[in-house]
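# Chain and residue survey
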Amino acid sequence: MKQGEIMPWDIRESVRLDDVELAYRVVGDGPEAAVLVHGWPQTHACWRHVVEPLSRGRTLIVPDLRGYGDSGLARSGDYDKRATAADLSALVHHLGFSSAVVIGHDRGARVAHRWALDHPSDIDALVLLDILPTRVVMDTFDRDSASAMWHWFFHRNPELAATLVAGNVEAYLRHFFARVLDSGAVDAETFQHYVAAFSDPGHLRASFEDYRTGFATDLDRDQADHERGLRVRAPLLLLWGAEGGLGGTDVVRVWQEHHADPAAVCGHAVPGGHYVPEEAPGDVVAAVEAFLARR
């Protein structure tokens, strides 16, 4: 960990919601709220490089999603994006804010997208990192993309996946983090934090349930909402890794088709691959600040 860098897992708070105990951290005390929403196989710690600069002049809310990290398991057993987005909406209101800037990466960006559809008044601005809409991904799988995203299909069988991965969590996660461990974008201490977070059998299975719902409830809702004309309404910034799976994709154009005002959508590639907040934190901070300043 770099000297002076915030250790995001040092200070934890939690709130008991209807279905889950949600863990989070608050950094800063500015009048505008911003929520950072992590993906898989990570926790709130993926934002460790950007927490301090993004908290200047605003209140930063950094949660663990239901079933991830320090947050509890859902009593209902539901891990669909609607339920997870409702957690975050409730958290923002619990902390006294009526709305927030929402920044999501990976699975967290899919939660953020659903949040923007279900609770548009909650979202002042939306930043999505390294994803395309779920319905687009599901409708365009081919041999190459399915090979690259094989774990989506493996994880959609949560019981089997959890049984096979349990006891081998470090080796399994090392497969996904190999490149960023080699580059130093994810240091050994943070990697061990991720390993510990997914070594609990209940949390491991819950994270796979997150994927299973993507092929079922989440996809059905996304398709139905798109067909009836529901679109994101908040200003939207997109960032993706130039060396990742979206490197050759017109990400902005795809998302313009999922927005009420295509002119409100902007974005560009940043250096590195999929783990954008850890591989290109300076670029993320600069792009977010410039985007928010233009509103």
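Residues numbered from 1 in each chain as written. Predicted model: local features only at pLDDT ≥ 70, side-chain atom pairs only at ≥ 80, totals over all residues. Heavy atoms only, no water.

## A look at the sheet that holds strand β7 (residues 236-241)
To be explicit about the condition: Strand pairing requires that DSSP identify at least two bridges connecting the strands. Numbering of helices and strands runs from the N terminus, with a helix taken as a DSSP run of H or I at least four residues long and a strand as a DSSP run of E at least two residues long. Axis angles are defined between N-to-C directions and span 0 to 180 degrees, where every axis is a line fitted to C-alpha atoms and, for a helix, only to the segment in contact. Here, residues are in contact when the closest pair of their heavy atoms is within 4.5 Å.
In space, the eight strands of this open sheet follow the order β1-β2-β4-β3-β5-β6-β7-β8, with mixed pairing throughout. What marks the edges here is a single partner per strand, and that holds for β1 (13-16) and β8 (265-270). Strand-to-strand twist across the sheet, computed as the mean angle between neighbouring axes with direction ignored, equals 20°. Sheet strands touched by helix α2 (residues 81-94): β1, β2 (21-27), β3 (32-37), β4 (58-63) and β5 (100-105). Its angle to β2, the strand with the most contacts, is close to 50°.

## Quick notes on the pairing of β4
Counted only if it meets this: Each residue is assigned to one of three classes by its accessible area relative to the maximum for its type, calculated with a 1.4 Å probe on protein chains only: buried under 20%, partly exposed between the two thresholds, exposed over 50%.
When you tally the buried positions in β4, you get six out of six residues, the bulk of the element. Residue alternation in β4 divides its side chains into two sets, Arg58, Leu60 and Val62 and Thr59, Ile61 and Pro63, and both sets are buried. Taken together, the four bridges between β2 and β4 define a ladder with antiparallel strand orientation. Looking at β4, one finds that Val26 is bridged to Ile61.

## Some thoughts on the packing of helix α7 (residues 158-165) against helix α10 (residues 201-214)
Selection rule: Roughly parallel means an angle under 35 degrees; roughly antiparallel, over 145; roughly perpendicular, 65 to 115; everything else is oblique. By definition, turning the near helix anticlockwise from the far helix through less than a right angle yields a left-handed crossing, and turning it clockwise yields a right-handed one. Gly is placed with the polar residues, together with every amino acid not listed as nonpolar (Ala, Val, Leu, Ile, Met, Phe, Trp, Tyr, Cys and Pro) or charged (Asp, Glu, Lys and Arg).
Between α7 and α10, whose axes approach to 9 Å, the crossing angle comes to 140°. For the element pair α7 / α10, the angle class is oblique. The two elements α7 and α10 meet at a crossing, and its hand is right-handed. Judged by residue contacts, Pro158, Glu159, Ala161, Ala162 and Val165 of α7 engage Leu204, Arg205, Phe208, Glu209 and Arg212 from α10. Here the residues of the contact of α7 with α10 sort into six nonpolar, no polar and four charged.

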